[in-house]
Number of protein chains: 2
Amino acid sequence: MNPLSRLIFQLGKLPGVGEKSATRLAYFILNQDPQFSREFAQAILDAREQTRLCRQCFHFSTEDVCEICTDTKRDLGTICVVERPSDIAPLERVGSYRGFYHVLHGLLSPMDGIGPEQIKVKGLLETLKTRESVQEVIFALNPSVEGDATQLYLSRLLKPLGIRVTQVAYGIPLGGSIEFTDRQTLGKALENRNELR
Amino acid sequence: MNPLSRLIFQLGKLPGVGEKSATRLAYFILNQDPQFSREFAQAILDAREQTRLCRQCFHFSTEDVCEICTDTKRDLGTICVVERPSDIAPLERVGSYRGFYHVLHGLLSPMDGIGPEQIKVKGLLETLKTRESVQEVIFALNPSVEGDATQLYLSRLLKPLGIRVTQVAYGIPLGGSIEFTDRQTLGKALENRNELR
């Protein structure tokens, strides 16, 4: 394979990048000055080599323990459980949540052979053991069968420990319309309706 | 900037990759084994370092003269003029064109200060001087004001040399419908109508 085809091949491995986009991106890279490719290649290497999983919450981190876990100003009483590291940034952007996180790195899916040992369940239980201050675990999982199963499994483990277990609300998104909201979401929105006061 | 932010920043420089996509791609890269990033980074460096412009047609090439220009089975009588190196692959895929190419690396655009010296016009004239076998120059430029201007400028230079100057047909794309074809395209399609035989 010539270098251009090899670059297209590598770019095509990225999610959402088909052969056409990969070709377009490769030509773009070739059209930039060499400094661009050097910085780009170095950024890929550095990010992958200098990033590991936080020993405590399993978020990506350049240190042994991540910035959030070492932040002394955060609320020691809550842990928010997410599926992937990429779920944390959008939750942080909201600004109102000041507790800690725990990244499962997957959801339970018996059909795909993913049980509690394949995701970071043990780590969560260990954190709860060492951090007795935790009073609430909030699940912020993507709504799906696997999300529900994971939530159910974990809540059964957590409730006996006397911990409050909650989930984020699912419903019609702000800016959305009843008319164009899918059946499942509308079902959830009805089911989770709130009392007007 | 930490390594993850730096990777997101670099990915965000790619065309069509906004901050959201860049973040998604960066997380994907971090989730792969280190081998993935090494191969990816190397592919970027190799492609950029080992690729130059063909001395003859200005297409990307790993050699001094590209594969197409050195192909002895091609038709010496025609040169197809394109704007960018990325225009060549789709034309080659058609399979019916067996002549040579010339990449302009831009289009004339006086408004943006792009005159004949800023694009590869001189190279085309030199090729025509050394290759007396050329009887036809086909323009395959993206339809635009700049494309038209470039075509007009070049055809005025080429016609006095006794060279046949043609352009690819512009019209309703196959699979397209009259109903949903834009005004400009329909205009071209009417203007360029062909006699039924």
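Described in the following lines is the structure provided in the data block.

Description of the environment of A:T166
All names here are of chain A.
Thinking step 1. Considering the arrangement of structural elements, one finds T166 in strand β6 (residues 164-167).
Thinking step 2. By the C-beta count within 10 Å, which is 13 here, T166 ends up partly exposed.
Thinking step 3. For the pair T166 and S155, spaced 11 residues apart in the sequence, the C-alpha separation amounts to 8.7 Å.
Thinking step 4. Each residue touching T166, except ones within four places of it in the same chain, is listed here: E136 and I138.

Quick word on the sheet that holds strand β3 (residues 78-82) of chain A
Residue and element names in this part refer to chain A.
Thinking step 1. Sheet architecture is open: 4 strands sit in the order β4-β3-β5-β6, paired in parallel fashion. A strand with exactly one partner marks an edge of an open sheet, and here the two such strands are β4 (100-103) and β6. Each strand axis lies, on average, 25° off the axis of its neighbour in the sheet, ignoring direction.
Thinking step 2. The pairing of β3 with strand β5 (residues 136-139) spans 4 bridges and is parallel.

Focus: the packing of helix α1 (residues 3-11) of chain B against helix α2 (residues 19-31) of chain B
Two numbers describe a pair of packed helices, the interaxial angle and the distance between the axes.
Residue and element names in this part refer to chain B.
Thinking step 1. Look at α1 against α2: their axes get within 8 Å of each other, and the N-to-C directions meet at 125°. Relative to α2, α1 is oriented oblique. In the packing of α1 onto α2, the handedness of the crossing is right-handed. Contacts from L4, L7, I8 and L11 in α1 reach A22, T23, L25, A26 and I29 in α2.
Thinking step 2. Here the contact of α1 with α2 is composed, by residue class, of 8 nonpolar, 1 polar and no charged.

Overview of the nonpolar core
Thinking step 1. Residues A:L7, A:A26, A:I44, B:L7, B:A26 and B:I44 are the most contacted members of the largest nonpolar core, which totals 34 residues.
Thinking step 2. Going through the elements one at a time, α1 (3-11), α2 (19-31) and α3 (34-50) of chain A together with α1, α2 and α3 (34-50) of chain B are the ones with two or more residues in this core.
Thinking step 3. Sequence-distant contacts of A:A26, that is, excluding residues within four places in its chain, are made with A:L4, A:L7, A:I8, A:L11 and B:A47.
Thinking step 4. Core analysis: the second largest hydrophobic core is formed by 25 residues, B:I79, B:V82, B:Y101 and B:V121 among them.

Details of the relation of the copies chain A and chain B
Thinking step 1. Once chain A is rotated about the relating axis by 180° and shifted along it by 0.0 Å, it coincides with chain B to within an RMSD of 0.0 Å. Here the two chains are linked by the operation of a two-fold rotation axis. The rotation axis passes nearest to the C-alpha of A:A41 in chain A, at a distance of 2.1 Å.
Thinking step 2. When the interface residues of chain A are mapped onto chain B, 100% of them again lie at the interface, so the same face is used by both copies.

Topic: the interface of chain A and chain B
Thinking step 1. Listed per partner, the contact involves 34 residues of chain A and 35 residues of chain B.
Thinking step 2. Of all elements in the fold, only α1, α2 and α3 of chain A reach the threshold of two or more residues within the side of chain A that touches chain B.
Thinking step 3. The element best represented in the side of chain A that touches chain B is α3(A), accounting for 13 residues.
Thinking step 4. Residue composition of the side of chain A that touches chain B, grouped by class: 20 nonpolar, 8 polar and 6 charged.

Some details on α1(B)
Thinking step 1. Turning to α1(B), its buried residues are B:P3, B:L4, B:L7, B:I8, B:Q10 and B:L11. One face of α1(B) carries all of its buried residues, which in axial projection span an arc of 165°.
Thinking step 2. Along its buried surface, α1(B) packs onto α3 and β2 (60-61) of chain A together with α2 of chain B.

What counts, and at which threshold
- Residues numbered from 1 in each chain as written.
- Chains lettered and ligands numbered in written order.
- Predicted model: local features only at pLDDT ≥ 70, side-chain atom pairs only at ≥ 80, totals over all residues.
- Helix = DSSP H or I, 4+ residues; strand = E, 2+ residues; numbered from the N terminus.
- Buried ≥ 20, exposed ≤ 12 C-beta atoms within 10 Å, placed from the backbone.
- Contact = placed C-beta atoms within 7 Å.
- Pairing = 2+ DSSP bridges.
- Axes fitted to C-alpha atoms, helices over the stretch in contact; angles between N-to-C directions.
- Parallel < 35°, antiparallel > 145°, perpendicular 65-115°, else oblique.
- Left-handed = near helix turned anticlockwise from the far one by under 90°.
- Nonpolar A, V, L, I, M, F, W, Y, C, P; charged D, E, K, R; others polar.
- Core = buried A, V, L, I, M, F, W, Y, C linked by C-beta atoms within 7 Å.
- Least-squares fit on C-alpha atoms with pLDDT ≥ 70 in both.
- Arc of directions from axis to C-beta.

Purely geometric stuff here, so don't read any function into it on its own.
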